[in-house]
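Single-letter residue listing:
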Amino acid sequence: MSKNILQTVIGIGFKKQAVLQTASTAADVWRLSKLNAALAVVNPTNEDDANEIGKGHEFAENIFKVNMDASGSIEKYISSEMMAWLFAMAFGKVTEVAAGSGYKLTMVPSGVCDPLDLPPFTFVEQIKCPTSDAAVDRASVGNVISDFTLAIGSGPTRANAKFTANFHGCGKVNQPSAIVVPSPALAEHLLPASSAAVSILGTDYVTSKNLVSLEFSANNNPRLDQGFFPGSGVDSNGYAIRGRMERGNRAFGLGTVARFDAGSTELTNLLALTTGTATFSLTGALISTGFYHKLLVTFHKVALKSAQLADDQGIVTVATQISPMFDATDGVITVEVTTGITGIGQ
């Protein structure tokens, strides 16, 4: 029987797996909704012997199992819960303290002398009605965040504060998943674009009312091929799977589009090679007295790479590309998320 993609049930591990090739338990999984319809890609790779010498011809006679690969993406509106999960999994360093009746998580990228391994999580997809006749029931194990983008824009809808995260798995896929995805779905607390506060190189873009959009990206450039090595592992179908999921050279990006007025400093800062801090935040509902669901991102040292004039529906704008740099005291970036759930990324 054919299935509607809207029947898909999604579960994601909000705590890191203890072992790369061992799936999370149901207690450590959230049920989520997402915006993108695409299912995860599970790709068994085979190779043939067409180029081997001695057959007397150039055609393949045999085919062989090589490796299993798994990947996927999640597109969602920005919430405090998902920001805590995203940065904890992408950065790998989490400190949690009480914040009223909620929790404040502080996350920084692992240092140059820290282990290269990224925190692994489990991703579950199920399409069944409701507990039988399963078209899809699988758990991709040992996934890590490859890259992500946060986009904050103008307009009245939720779509003006959303993120996309791409992930890669170690290749182990449990079918059936053997995980009962919790119900109901995670209750998320949205962080709307209208709550944004943005300051870059001393310019407060909220006070000036000039910000049109902001985009923040990060890429862990995971070392996927190096995850296969002697003894890395074989799945139940005889395909090689990865035994480690390590980051490569990390890259961060930041860009803005703002209205360009007399007194705007972007071109001046570009020409002067000015360096300084950049921060942006989003704030949501009250958790308890004095504490709100919140995301705060701080780049400790930035400079402008480019600043180009354009227009937005007839209004003169300046589009900037901003280079996050290494600060000798504070590093590159610190992210703070305040939310109501404990143990995220632990």
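Residues numbered from 1 in each chain as written. Predicted model: local features only at pLDDT ≥ 70, side-chain atom pairs only at ≥ 80, totals over all residues. Heavy atoms only, no water.

K.L.:
Mind laying out the pattern of salt bridges, listing which residues take part and the relevant values?
P.N.:
Within the structure shown, the criterion is met by 7 salt bridges. In this structure, the salt-bridge partner of D114 is K93, at a minimum N-O distance of 2.9 Å. Of the two residues, D114 sits in the loop between strand 6 (102-107) and strand 7 (121-127) while K93 sits in the loop between helix 1 (80-91) and strand 5 (94-99), which places them 21 residues apart along the sequence. One salt bridge connects E336 with K104, and the closest N-O pair in it is separated by 3.4 Å. (Salt bridge = Lys/Arg side-chain N within 4 Å of Asp/Glu carboxyl O. Helix = DSSP H or I, 4+ residues; strand = E, 2+ residues; numbered from the N terminus.)

K.L.:
I'd love a proper account of helix 1, names of residues and values included.
P.N.:
Taking 1.5 Å per residue as the helical rise, helix 1 with its 12 residues ought to reach 16 Å, and the 16 Å between its terminal C-alpha atoms agrees with that figure. Taken across its 12 residues, helix 1 has 12 buried, putting it largely inside the fold. Among the residues of helix 1, S80, E81, M82, M83, A84, W85, L86, F87, A88, M89, A90 and F91 are the ones counted as buried. Looking one or two places after helix 1, you find G92, whose phi comes out positive at around 85 degrees. (Expected span 1.5 Å × (residues − 1). Buried < 20%, exposed > 50% of the residue type's maximum accessible area, 1.4 Å probe, protein only.)

K.L.:
Which residues make up unusual backbone geometry, and what values go with them?
P.N.:
At the junction of Q175 and P176, the peptide bond is cis and its omega measures out at 0 degrees in the coordinates. Residue placement: P176 occurs in the loop between strand 10 (173-174) and strand 11 (197-200). Cis geometry is found at the peptide bond from S183 to P184, where omega equals 5 degrees. The topology assignment puts P184 in the loop between strand 10 and strand 11. In this model, K209 sits at a positive phi of 60 degrees, which is unusual for a non-glycine residue. Locating K209 in the fold gives a position in the loop between strand 12 (203-204) and strand 13 (211-219). For K209, a relative accessible area of 73% corresponds to the exposed category. Phi is positive for Q313, close to 50 degrees, though the residue is something other than glycine.

K.L.:
So, the packing of aromatic side chains: which residues are in play, and what are the values?
P.N.:
Taken as a whole, this structure holds 11 aromatic pairs when the rule is applied. Taken together, a centroid distance of 5.7 Å and an interplanar angle of 85 degrees make the contact between F148 and F216 edge-to-face. Here F148 is found in strand 8 (residues 136-152), whereas its partner F216 is found in strand 13, with 68 residues between them in sequence. Judged by its relative accessible area of 2%, F148 is buried. For F216, a relative accessible area of 0% puts it in the buried group. Arranged with centres 6.2 Å apart and planes meeting at 65 degrees, the rings of F216 and F280 form a pair that is edge-to-face. Pair noted here: F216 is in strand 13 and F280 is in strand 15 (residues 276-288), with a separation of 64 residues, a long-range link. An identical accessibility class is assigned to F216 and F280; each is buried. Three or more aromatic residues joined by ring pairs make a cluster, and in this case those are F87, F91, F148, F216, F252, F280 and F299. (Phe/Tyr/Trp six-rings, centres within 6.5 Å; stacked < 30°, edge-to-face > 60°.)

K.L.:
Hey, could you go over the nonpolar core for me, with residue numbers and the actual values?
P.N.:
Note that soluble globular proteins tend to have their nonpolar side chains buried in a common cluster. Core analysis: the largest hydrophobic core is formed by 56 residues, its most contacted members being M83, W85, F87, F148, L150, F280 and L295. Residue contributions to this core peak at 10 residues, all from helix 1. One finds L20, V144, C170 and L224 within the second-largest nonpolar core, a separate group that totals 6 residues. (Core = buried A, V, L, I, M, F, W, Y, C linked by side-chain atoms within 4.5 Å.)

K.L.:
Tell me about the side chain of D137, and name the residues and values.
P.N.:
Along the chain, D137 falls in strand 8. Here D137 falls in the buried class, since its relative accessible area comes to 16%. Separated by 3.2 Å, the side chains of D137 and Q126 make a polar contact. At a separation of 2.6 Å, a polar atom in the side chain of D137 contacts the side chain of S177. (Polar contact = N/O pair within 3.5 Å; in protein donor to acceptor, adjacent residues only side chain to side chain.)

K.L.:
Kindly report on the layout of surface pockets, identifying the contributing residues and their values.
P.N.:
Estimates place the volume of the largest pocket at around 420 Å³. Around the largest pocket, the lining is made up of 19 residues, and of these P109, S110, V112, R250 and V332 lie nearest the centre. A class-by-class count of the residues in the lining of the largest pocket yields 10 nonpolar, 5 polar and 4 charged. Reported here for the second largest pocket is a volume of approximately 310 Å³. A per-class count over the lining of the second largest pocket returns 7 nonpolar, 6 polar and 3 charged. (1 Å grid on protein atoms, 1.4 Å probe; cavity = no way out; pocket = protein on both sides within 12 Å on 5 of 7 lines; lining within 4 Å. Points joined across faces, edges and corners; volume = space filled by probe spheres on them. Nonpolar A, V, L, I, M, F, W, Y, C, P; charged D, E, K, R; others polar.)

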